[in-house]
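Take a look at the letters that make up each chain.
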Amino acid sequence: MTDTLVGFDDVLASYDPALGLEVHVELNTNTKMFCGCPAVFGGEPNTHVCPTCLGLPGAMPVVNATAIESAIRIGLALNCEIAEWCRFARKNYFYPDMPKNFQTSQYDEPIAFEGYLDVDVDGEMFRVEIERAHMEEDTGKATHVGGATGRIHGADHSLIDYNRAGIPLIEIVTKPIQGAGEKAPAVARAYVSQLRDLILALGVSEARMDQGNLRADVNLSLAPKGSGTLGTRTETKNVNSFRSVERAVRYEMQRHAGILDAGGSILQETRHWHEDTGITTSGREKSDAEDYRYFPEPDLVPVAPSREWVEELRGTLPENPLLKRARQQADWGYTDLEMRDVVAAGVVGLIEETVAAGASAQSARKWWLSELGRRANDAGVDIADLGVSPTQVAAVQALVDAGTVNDKLARQVFDGLIAGEGTPEEIVAARGLAVVSDDGALGAAVDAAIAANPDVADKIRDGKVAAAGALIGAVMKEMKGQADAGRVRELILEKLQ
């Protein structure tokens, strides 16, 4: 059944959107949350498991101290209060990817609560209030085999890999975000993007959305315009890119409005996001907290971080992301508009790494915003997942600066990088992309262009130097772009003046 979507402007004319974001951060500890199994990505299925993370009888959990430290640092960076005493709880539900049939999490006693993160959206500041940041463990991974969609519906059988079960997670839950209006999708994207920047700066997670280190659940509701109430929400699960977070919010706003305009009611449910089609589909009816039968975890002692330790950890926090951004803008010499474009494209970190690798700030912005940004949009992927690293971008620019290639040829180098053909230097050699600097070859091409365009040559002889552009274009075409345009111009003027 196809959803009825209302035009985005029409949604805003009738309804006020409210957002809620739940971001799961997989910590980069060496071991799992409650056992000594390695907390690494991948591996042969069910090889990073033990009696504790499999929930076998008699196995006793022990809390990972580094995970506690990371949770406190995340809470402090989000301006949260840190609990003087908190406990773990059992969240009970039957899911095949949880071998214990409950998840060890935190319920009414989170380690961090009542915080905020200020996010910049096109020069306007939005304060996103944080309700809580609590500790828990990740689930295993289910693979459904035999169906057409990779989901359980229509599959012949399912396989479970418990390697991920028990890996430390911090779940960061916002309070309802209201008042964003038309910027609601952009606020959601900016929040997740800036939260990821903060997590990376803290060094507590790889925060790779493509590997599930950072996953966002997007809650969305609509209420009649001006009512000041909250509507019934849906929760779109495991959205794994900034672009998809923005698209999921926009889609759900349009879908909710279609149902409400037709006199229907919104079902409180979880939904699946489909990256290929840009739509959501129904998952399961959303449970309320009481359905999980939370109760304190009897096998773990409470966590009671001392105030001295908390203050010591506060001293390890990185530079405030917004202050850092202002400093970067000044260091890079970007205008407000240029910096706004960079932030909107989500490439601040990529440019920072490219500059650190030796490129100028302007060349880094040029490549990430124009060439690589266009390619990412065409491919429908996040720019960070395009397959080109900041170090490679800096290496390509170094070739341009050295006169080995020009900007046009550099675009072909990026073709090779995306195709995995080697380093920029290897691609230039293999594809024969180096700029021709031999005056003999260039002189012959210039002579041919002059002979083919005598009227243009006469204009140049008469002092109309601007006409040289036509001859330069002809030479560049003859040389297939592999000529130094500046040297070509010099040779033309030498011959005609």
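Here, the structure is the one placed above.
On a predicted model such as this, the values are computed, not experimentally measured, just so you know.

Reading guide: rules and limits
Residues numbered from 1 in each chain as written. Predicted model: local features only at pLDDT ≥ 70, side-chain atom pairs only at ≥ 80, totals over all residues. Heavy atoms only, no water. Helix = DSSP H or I, 4+ residues; strand = E, 2+ residues; numbered from the N terminus. Expected span 1.5 Å × (residues − 1). Bend = angle between axes of the 7 residues up to and from the residue. Buried < 20%, exposed > 50% of the residue type's maximum accessible area, 1.4 Å probe, protein only. Contact = heavy atoms within 4.5 Å. Patch = residues over 30% accessible without salt bridge, like charges linked within 9 Å, V, L, I, M, F, W, Y side chains within 5 Å. Areas by Shrake-Rupley, 256 points an atom, 1.4 Å probe, with all protein chains shown as cover. Salt bridge = Lys/Arg side-chain N within 4 Å of Asp/Glu carboxyl O. Lys, Arg positive; Asp, Glu negative; His and termini not counted. Charge placed at Lys NZ, Arg CZ, Asp CG, Glu CD. Arc of directions from axis to C-beta. 1 Å grid on protein atoms, 1.4 Å probe; cavity = no way out; pocket = protein on both sides within 12 Å on 5 of 7 lines; lining within 4 Å. Points joined across faces, edges and corners; volume = space filled by probe spheres on them. Axes fitted to C-alpha atoms, helices over the stretch in contact; angles between N-to-C directions. Parallel < 35°, antiparallel > 145°, perpendicular 65-115°, else oblique. Left-handed = near helix turned anticlockwise from the far one by under 90°. Nonpolar A, V, L, I, M, F, W, Y, C, P; charged D, E, K, R; others polar. Pairing = 2+ DSSP bridges.

Colleague: Which parts of the structure should I look at to understand helix α9 (residues 361–379)?
Modeller: Because each turn of an α-helix spans 3.6 residues, side chains separated by three or four positions end up pointing in the same direction. In this model α9 runs 25 Å from its N-terminal to its C-terminal C-alpha over 19 residues, within 8% of the 27 Å that 1.5 Å per residue would give. By the largest-angle criterion, Gly373 marks the main kink of α9, which is about 40°. All of the buried residues along α9 are Ala361, Ser363, Ala364, Arg365, Trp367, Trp368, Glu371, Leu372, Gly373, Arg375 and Ala376. In this fold, the buried residues of α9 make contact with α6 (321–332), α7 (336–344), α8 (348–356), α10 (390–401) and α11 (407–418). Gly380, located one to two residues past α9, shows a positive phi value of around 70°.

Colleague: Whenever I open this one, a negative patch on the surface confuses me. Can you help?
Modeller: A cluster of acidic side chains, namely Asp9, Asp10, Glu182 and Asp261, defines a negative patch on the protein surface. By the secondary structure assignment, Asp10 is in helix α1 (residues 8–14).

Colleague: Sorry, what's going on with the pattern of salt bridges here?
Modeller: When the charged atoms of two side chains lie near each other, side chains of opposite charge can form a pair. A full pass over the atoms with the stated rule returns 32 salt bridges. Here Arg164 makes a salt bridge to Asp138, at a shortest N to O gap of 3.6 Å. Of this pair, Arg164 sits in the loop between β8 (157–161) and β9 (168–174) while Asp138 is found in the loop between β6 (124–137) and β7 (141–145), placing the two residues 26 residues apart along the sequence. The salt bridge partner of Glu421 is Arg431, with a shortest N-O separation of 2.8 Å. Residue Glu421 is found in the loop between α11 and α12 (424–431), and its partner Arg431 is found in helix α12; the two are separated by ten residues along the sequence. Arg431 gets classed as partly exposed once you look at its relative accessible area, which sits at 33%. Through salt bridges with shared partners, a single ionic network connects Glu371, Arg374, Arg375, Asp378, Arg411 and Asp415.

Colleague: Would you explain α7 in this entry?
Modeller: Within the span of α7, buried status applies to Glu338, Met339, Val342 and Val343. One side of α7 carries all its buried residues, which in axial view fall inside an arc of 135°. Relative to its buried face, α7 has exposed residues pointing more than 90 degrees away, namely Asp336 and Leu337. Its buried side turned inward, α7 meets β5 (112–121), α6, α8 and α9. One or two positions beyond α7, positive phi appears at Gly346, with a value near 70°.

Colleague: Help me understand empty space enclosed by the protein in this model?
Modeller: Any space left empty among the atoms is revealed by the rolling of a water-sized probe across them. Enumeration according to the criterion identifies one cavity of 30 Å³ or more in this entry. For the largest cavity, the calculated volume is near 30 Å³. If you go around the largest cavity, the residues you meet are Cys53, Met98, Pro99, Lys100, Glu137, Asp138, Ala165 and Gly166.

Colleague: I would appreciate a short explanation of the packing of helix α2 (residues 65–77) against helix α5 (residues 307–314) in the present structure.
Modeller: Each pair of packed helices can be described by the angle between their axes along with the distance between the axes. At a minimum axis distance of 9 Å, the contact between α2 and α5 shows a crossing angle of 65°. In terms of axis orientation, α2 runs roughly perpendicular to α5. Helix-helix and strand crossings are classified by hand; for α2 and α5 the assignment is right-handed. Here Ile68, Glu69, Ile72, Arg73 and Leu76 of α2 come into contact with α5, specifically with Trp309, Val310, Leu313 and Arg314. Residues of the contact of α2 with α5, tallied by class, amount to six nonpolar, no polar and three charged.

Colleague: Teacher, can you tell me more about the sheet that holds strand β4 (residues 102–105) here?
Modeller: Sheet strands pair via backbone hydrogen bonds, and the direction of the pair is either parallel or antiparallel. Taken in spatial order, the three strands of this open sheet run β4-β3-β15, and their pairing is antiparallel. Across the chains shown, the open sheet's two edge strands, defined by having one partner strand only, are β4 and β15 (295–296). By the bridge criterion, two bridges tie strand β3 (residues 89–92) to β15 in an arrangement that is antiparallel. Considered in β15, the bridge of Ala89 is made with Pro296.

Colleague: How should the environment of Met209 be read in this particular structure?
Modeller: Following the sequence through the fold, Met209 ends up in the loop between α3 (184–202) and β11 (214–224). According to the relative accessible area criterion, Met209 is buried, its value standing at 6%. Taking the C-alpha atoms as reference, Met209 lies 9.5 Å from Asp385; in sequence the two are 176 residues apart. Leave out the neighbours within four places in its chain, and Met209 touches Val192, Leu214, Val239, Asn240, Ser241 and Phe242.

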